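As a plain string of letters, each chain reads:
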Amino acid sequence: MVGRILIRVLVAGCAAIWAQQARGYRMELGRHPAELGISASVREVIEENRATQHERTQGKLRVSPRLDWSPGLRLAGSIVGTVGGPTMQARRSGFFHWRQVFQNRSPALDLEEIYLDGAWNDFDFRIGKQRVAWGKLDRFSPVDVFNTLAYTDPFLLEEGERRIGTPSVRATYNLPDSVGFQELRWSVVWAPLYLPYRFPDARCELDFSGRSACIAERWFPPAAVPPSTFVIPSKLLPGSGAGGLPDVSVPLTFRVRNEAPRATLRDGSFGTRLAGRVSDVDTSLYYFHGYDSQTAFLLEAWATGTPDANPANPLGVRDVVGHTFLRPVFRAIDLWGADAAYSWENLTFRGDIAFVSGRPFARDIRSLVADPTAIAPELRRALAALARGAGATPVVLPDSFVIRNAVEWGGGMDLLVRGWLFMLQVNQTDVLSNSVRLLIRDIETRVLLTVRKNFLAERLQGNLLGGYGIDSDYSFLRPRLTYKWNDYLSTEVGYLFIAGRRQSLIGQYRRNDQGWLQVSLRF
């Protein structure tokens, strides 16, 4: 119903624009120029595997106001409203909470940015909720750590649109040229409040038959959900020495918990960037200290049960259930990095590199409860506590993340030939001094390729994005075609293909292949 209404709104708006050739909304407020940008879209997704979680028709409306108070001072912002889409189990509506990781909201509002810009002579600043983009690479820059990302729709939305604005102060000063250096710029960014990354919700509960049934949004990471049952081998059960005991299957429930990092001035983020040109090379140096934008989670477990004096029950406990809880973890990192870009004729070379100290790296949550022998002492202790009438007892699991230092780098090359744009990029993460199996490999190499070409007098654009994880063995492909009917109306059709190992960062979504059709209006 909502999708039909939005489609009618788009059609009516398109007809009005086509007839009147509107040029956007420009006005004056108290003799100050103002502008209001508006865009709307409707997207329909068709899942290739109908057994996976579905998506509803998505409607999106973005409003971007701007007020030029003076030649050197302006106020700008952006707010977006969304209804439907991947969020099928919405429990609330309204604005996204700034401090919560797991959120299912529809209709939802997000204040993407709102900031005050100022510029005087060689000094400029920006104050407010803003996006800070660092690095030269087209996407996935190792030094781009100031803003976290939303993972509610991770493949169809571009990285810039998924970026969560952070309340911060950014100041830049243009330094005088020195020997060998031109266009020197020194920037300082301070974010007093960290806004965490954003994920959809998920939960697994016992049904009427006592089995665990899971409800998870389409893009909740499968690697973060433990199995629905946990099998305790008979050899680990009390009294197993007598033999003849069967294995015991314990149903597992699953819940997510929202925990925000501390919000004090001491826990804010700080970064600085020194940029300039050396000959024909555009280069920058970076330093960052603050909470990491990379995701990590902690899995906790409890066991419940009722004592059973029946001698036929070797456990001495009945109605045993395992309860697992997933909560985000936040760790402060130190990052030192650099980037460079160089253009030669129709070629552009880019490179970013960073050393990260104290970064949390996630493990596959499913692996933590896959081997009962690894937690055998905990299982025996928990069963004994339940048999004594404890009712509930914690079960200590292996760490679901580790803290390691890492070196991350990426290199890219852009080639423009007869209107064809080829963008090849290689990224690598080297996890240092690690002996624990992670969701990524200790040396994780990824190759990305983007191909773009315009046809039919620039009205039709073809765009192909593909990626391959060499070490983790996963791949994805996202071809799409966009046709611009005029300056305001466009339609897009595309397909998302995902393949790879279940135990990999991208391959865990391999059942989520899908096509989509989108109609967009912008003026």
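Look above for the structure.
The notes below deal with the structure included here. Residue numbers restart at each chain and count upward from 1, following the sequence in its written direction. Thresholds applied to this predicted model are a pLDDT of at least 70 for local features of residues and 80 or more for the giving and counting of side-chain atom pairs; totals over whole chains, interfaces and linings are not thresholded and use all residues. Only hydrogens and water are set aside when side-chain values are computed; all heavy atoms of the structure are taken into account.

Considering the overall build of the protein
Helix numbers and strand numbers start at the N terminus; a helix is a DSSP run of H or I with at least 4 residues, a strand a run of E with at least 2. Check the secondary structure of the protein and you find 4 helices and 27 strands. With the C-alpha coordinates of the protein rotated into their principal frame, the extents come out at 85 × 60 × 50 Å. Residues counted as buried form 48% of the 523 residues belonging to the protein. By definition in these notes, contact holds between two residues if any of their heavy atoms fall within 4.5 Å. Restricting to contacts in the protein with at least 6 residues of sequence separation, those with at least 24 account for 63%. Only the protein chains shown count as covering a residue, and every accessible area follows the Shrake-Rupley method with a 1.4 Å probe. For the protein, the exposed area adds up to about 25500 Å²; of that, 59% sits on carbon and sulfur atoms. Charged-residue counts in this description rest on Lys and Arg as positive and Asp and Glu as negative, His and the chain ends being excluded. Note on charges: their place is set at NZ of Lys, CZ of Arg, CG of Asp or CD of Glu. Averaged over its 62 positive side-chain charges, the protein has a centre that lies 4 Å from the centre of its 53 negative ones. For every residue, the accessible area (1.4 Å probe, protein chains only) is compared with the maximum for its type, and the residue is labelled buried under 20%, exposed over 50%, or partly exposed between those bounds.

A closer look at the layout of surface pockets
Only protein atoms enter the calculation, which uses a 1 Å grid: trapped sets of points that fit a 1.4 Å probe without letting it out are cavities, open sets showing protein on both sides within 12 Å along at least five of seven lines are pockets, and any residue with an atom within 4 Å of a point is a lining residue. Grid points are joined across faces, edges and corners, and a volume is the space filled by probe spheres set on the points. By volume, the largest pocket is sized at about 860 Å³. Contributing to the lining of the largest pocket are 34 residues, with Ser490, Glu492, Gln518, Ser520 and Arg522 lying nearest its centre. Ranked by the residues each element gives to the lining of the largest pocket, the list is headed by strand β27 (residues 514–522), at 5 residues. Of the voids in this model, the second largest pocket is the one considered here, and its volume is about 570 Å³. Lining the second largest pocket are 24 residues, and of these Ala216, Phe220, Pro222, Val225 and Arg511 lie nearest its centre. For the lining of the second largest pocket, the secondary structure elements donating two or more residues are β10 (202–206) and β11 (212–216). Counting residues per element, the lining of the second largest pocket draws most heavily on β11, at 3 residues. Broken down by class, the residue content of the lining of the second largest pocket amounts to 12 nonpolar, 6 polar and 6 charged. The nonpolar class holds Ala, Val, Leu, Ile, Met, Phe, Trp, Tyr, Cys and Pro. Asp, Glu, Lys and Arg form the charged class, and all remaining residues, Gly among them, are polar.

What to know about the nonpolar core
Phe102, Phe220, Ile232, Phe254 and Leu326 are the most contacted members of the largest nonpolar core, which has 40 residues in total. For this core, the elements supplying multiple residues, two or more each, are β10, β12 (229–232), β13 (248–256), β16 (297–307), β17 (317–328), α3 (365–368) and α4 (376–387). Ignoring sequence-local partners within four residues, the contact set of isoleucine 232 consists of Leu237, Asp247, Val248, Val250 and Leu379. Among buried residues, the Ala, Val, Leu, Ile, Met, Phe, Trp, Tyr and Cys ones that are joined through side-chain atoms within 4.5 Å form a nonpolar core.

Here we look at the packing of aromatic side chains
Pairing of aromatic side chains here covers Phe, Tyr and the six-membered ring of Trp, requires ring centres within 6.5 Å, and sorts the geometry by plane angle: under 30 degrees stacked, over 60 edge-to-face, intermediate tilted. One pass over the full model with this rule turns up 26 aromatic pairs. Ring geometry for tyrosine 194 against phenylalanine 330: centres 5.8 Å apart, planes inclined by 70°, an arrangement best described as edge-to-face. Of the two residues, tyrosine 194 sits in the loop between β9 (182–191) and β10 while phenylalanine 330 sits in the loop between β17 and β18 (332–344), which places them 136 residues apart along the sequence. Phenylalanine 330 gets classed as buried once you look at its relative accessible area, which sits at 12%. Every member of this aromatic cluster is reached through a ring pair, and the members are Phe102, Tyr151, Tyr194, Tyr197, Phe199, Phe220, Phe254, Tyr291, Phe297 and Phe330.

Quick notes on unusual backbone geometry
Going from serine 106 to proline 107, the amide bond is cis rather than trans, its omega being -5°. The topology assignment puts proline 107 in strand β6 (residues 105–120).

Topic: α4
For α4, which comprises 12 residues, the first-to-last C-alpha distance of 17 Å matches the rise-based estimate of 16 Å (1.5 Å per residue) to within 8%. Taken as a whole, α4 has its buried residues at Ala376, Glu378, Leu379, Ala382, Leu383, Ala385 and Leu386. Buried residues along α4 sit in contact with β12, β16, β17 and β20 (392–395). Of the residues one or two after α4, glycine 389 is the one with positive phi, at around 95°. The span expected for a helix works out to 1.5 Å for each residue beyond the first.

Regarding the environment of glycine 84
Structurally, glycine 84 is set in the loop between β4 (73–83) and β5 (92–95). For the pair glycine 84 and leucine 449, spaced 365 residues apart in sequence, the C-alpha separation works out to 31 Å. Setting aside anything within four residues of it in sequence, one finds glycine 84 in contact with Arg56, Thr57, Gln58 and Ser106.

Describing the environment of alanine 374
The residue alanine 374 is located in the loop between α3 and α4 in this model. Here the alpha-carbon distance between alanine 374 and leucine 397, two residues 23 residues apart in the chain, equals 8.9 Å.

Comments concerning the side chain of arginine 62
For arginine 62, the position within the fold is in strand β3 (residues 58–70). N or O atoms closer than or at 3.5 Å make up a polar contact, with two conditions inside protein: a donor-capable atom paired with an acceptor-capable one, and, for residues adjacent in sequence, both atoms drawn from side chains. Among the polar contacts made by the side chain of arginine 62, one reaches the side chain of glutamate 112 at a distance of 2.9 Å. Of note is the side chain of arginine 62, whose polar atom sits 3.3 Å from the side chain of glutamate 161.

Structural notes on empty space enclosed by the protein
Inspection of every chain in the model, using the stated rule, returns 5 cavities of 30 Å³ or more. Roughly 390 Å³ of volume is contained in the second largest cavity. As for the second largest cavity, its lining consists of 28 residues, of which Lys60, Thr82, Phe96, Thr152 and Leu157 are closest to the centre. Counting residues per element, the ones that place at least two in the lining of the second largest cavity are β3, β4, β6 and α2 (159–162). Top contributing element to the lining of the second largest cavity by residue count: β6, with 6 residues.

With respect to the pattern of salt bridges
Side chains that differ in sign of charge can pair as their charged atoms come close. What counts as a salt bridge is simple: a side-chain nitrogen of Lys or Arg found within 4 Å of a carboxyl oxygen of Asp or Glu. For the coordinates displayed, the defined rule picks out 30 salt bridges. One salt bridge connects aspartate 117 with arginine 74, and the closest N-O pair in it is separated by 3.0 Å. Remark: arginine 74 occurs in strand β4 and aspartate 117 occurs in strand β6; sequence separation between them is 43 residues. Taking the shortest distance from any N to any O, the salt bridge between lysine 136 and aspartate 339 comes out at 2.8 Å.

Notes on a nonpolar patch on the surface
A residue counts toward a patch only above 30% relative accessible area and without a salt bridge, and it is joined to like-charged neighbours within 9 Å or, for Val, Leu, Ile, Met, Phe, Trp and Tyr, to nonpolar neighbours within 5 Å. A cluster of nonpolar side chains, Leu75, Ile114, Leu116, Ile127, Val169, Trp190, Leu265 and Phe270, forms an exposed patch at the surface whose accessible area comes to about 680 Å². Inspection of the secondary structure assignment puts tryptophan 190 in strand β9.

Some thoughts on the pairing of β20
Here β20 shows a buried face lined by Thr393 and Val395 and an unburied face lined by Ala392 and Pro394. Any two strands with at least two DSSP bridges between them are considered paired. Both β16 and β20 contribute to a ladder of 4 bridges, which runs antiparallel. Considered in β20, the bridge of tryptophan 302 is made with proline 394.

Concerning the side chain of aspartate 430
Mapped onto the elements, aspartate 430 comes out in strand β22 (residues 420–431). One buried charged residue, aspartate 430, forms no salt bridge at all, with the nearest opposite charge on arginine 446 at 8.4 Å.

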